[in-house]
Amino acid sequence: MKKLLQMHFSFHGPFGSEMADQLRELAESINQEPGFIWKVWTESEKNQEAGGIYLFENEETALAYVEKHSARLKTFGINEVVYKIFDINEPLTLVNRGKVE
């Protein structure tokens with residue numbers, strides 16, 4: 001069953017187009033993660049946070065990604081990553097034009 005992963009953490013930049021330029025290679029690498037379907041990147045310069053909303057094929061691959069990405073973030077000095085995993089109500093999501101594929 002597909003799982004939605006929500007992750008966020010303290011982040012002090014860059015944001016916006018500078019973030020997009022600097023993290024393009026990372027974004028491309030995420031596409032190769034096992035079970036990965038899509039990601040919406042999130043950022044708040046005002047709150048000094050970043051993260052994302054992801055869709056994975058199942059909980060196992062979502063949790064494996066949390067472990068890998070948390071370890072990667074630690075190399076950047078980010079020690080606390082908050083995450084939650086959710087089931088998706090596909091019929092209602094489709095009514096509201098959400099992508100579940």
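The structure we're discussing is the one just above.
Reading guide: rules and limits
- Residues numbered from 1 in each chain as written.
- Predicted model: local features only at pLDDT ≥ 70, side-chain atom pairs only at ≥ 80, totals over all residues.
- Heavy atoms only, no water.
- Helix = DSSP H or I, 4+ residues; strand = E, 2+ residues; numbered from the N terminus.
- Expected span 1.5 Å × (residues − 1).
- Buried < 20%, exposed > 50% of the residue type's maximum accessible area, 1.4 Å probe, protein only.
- Arc of directions from axis to C-beta.
- Polar contact = N/O pair within 3.5 Å; in protein donor to acceptor, adjacent residues only side chain to side chain.
- Pairing = 2+ DSSP bridges.
- Axes fitted to C-alpha atoms, helices over the stretch in contact; angles between N-to-C directions.
- Contact = heavy atoms within 4.5 Å.
- Core = buried A, V, L, I, M, F, W, Y, C linked by side-chain atoms within 4.5 Å.

Peer 1: Before we go on, may I ask you to explain helix α3 (residues 59–74) in this structure?
Peer 2: Structurally, the α-helix is built with 3.6 residues per turn, so residues lying three or four positions apart point the same way. A rise of 1.5 Å per residue sets the reference length of α3, with its 16 residues, at 22 Å; its end C-alpha atoms lie 22 Å apart and thus fit the reference within 8%. Taken residue by residue, α3 has Thr61, Ala62, Tyr65, Val66, His69, Ser70 and Leu73 as its buried positions. Axial view of α3: buried residues confined to an arc of 165 degrees, hence all on one face. Away from its buried face by more than 90 degrees, α3 exposes Glu60, Glu67 and Lys74. Residue Asn58 occupies the N-cap position of α3, its side-chain oxygen lying 3.2 Å from the main-chain nitrogen of Glu60.

Peer 1: Help me out: how do you make sense of the sheet that holds strand β4 (residues 81–87) in this one?
Peer 2: In a beta sheet, neighbouring strands are held together by backbone hydrogen bonds and run either parallel or antiparallel to one another. Strand order across the open sheet formed by 4 strands is β2-β3-β1-β4, with antiparallel pairing between neighbours. Edge positions in the sheet fall to β2 (36–44) and β4, since each has one partner strand and no second. When the angles between neighbouring strand axes are averaged without regard to direction, this sheet yields 15 degrees. With 8 bridges connecting them, strand β1 (residues 3–10) and strand β3 (residues 49–56) associate as antiparallel partners. Within β3, the residue paired with Gln6 across the bridge is Ile53. Most of the contacts of α3 go to β1, to which it runs at about 15 degrees, and overall it touches β1, β3 and β4.

Peer 1: What should I look at first to understand the nonpolar core in this one?
Peer 2: Grouped together as the largest cluster of nonpolar side chains are 18 residues, with contacts concentrated most on Leu5, Met7, Phe9, Phe11, Tyr54, Phe56 and Tyr65. Of all elements in the fold, only β1, α2 (24–30), β3 and α3 reach the threshold of two or more residues within this core. If one sorts the elements of this core by residue count, α3 sits on top with 4 residues. The contacts of Leu5, once residues within four sequence positions are left out, are Gly52, Ile53, Tyr54, Phe56, Ala62, Tyr65, Val66, Tyr83, Lys84 and Ile85.

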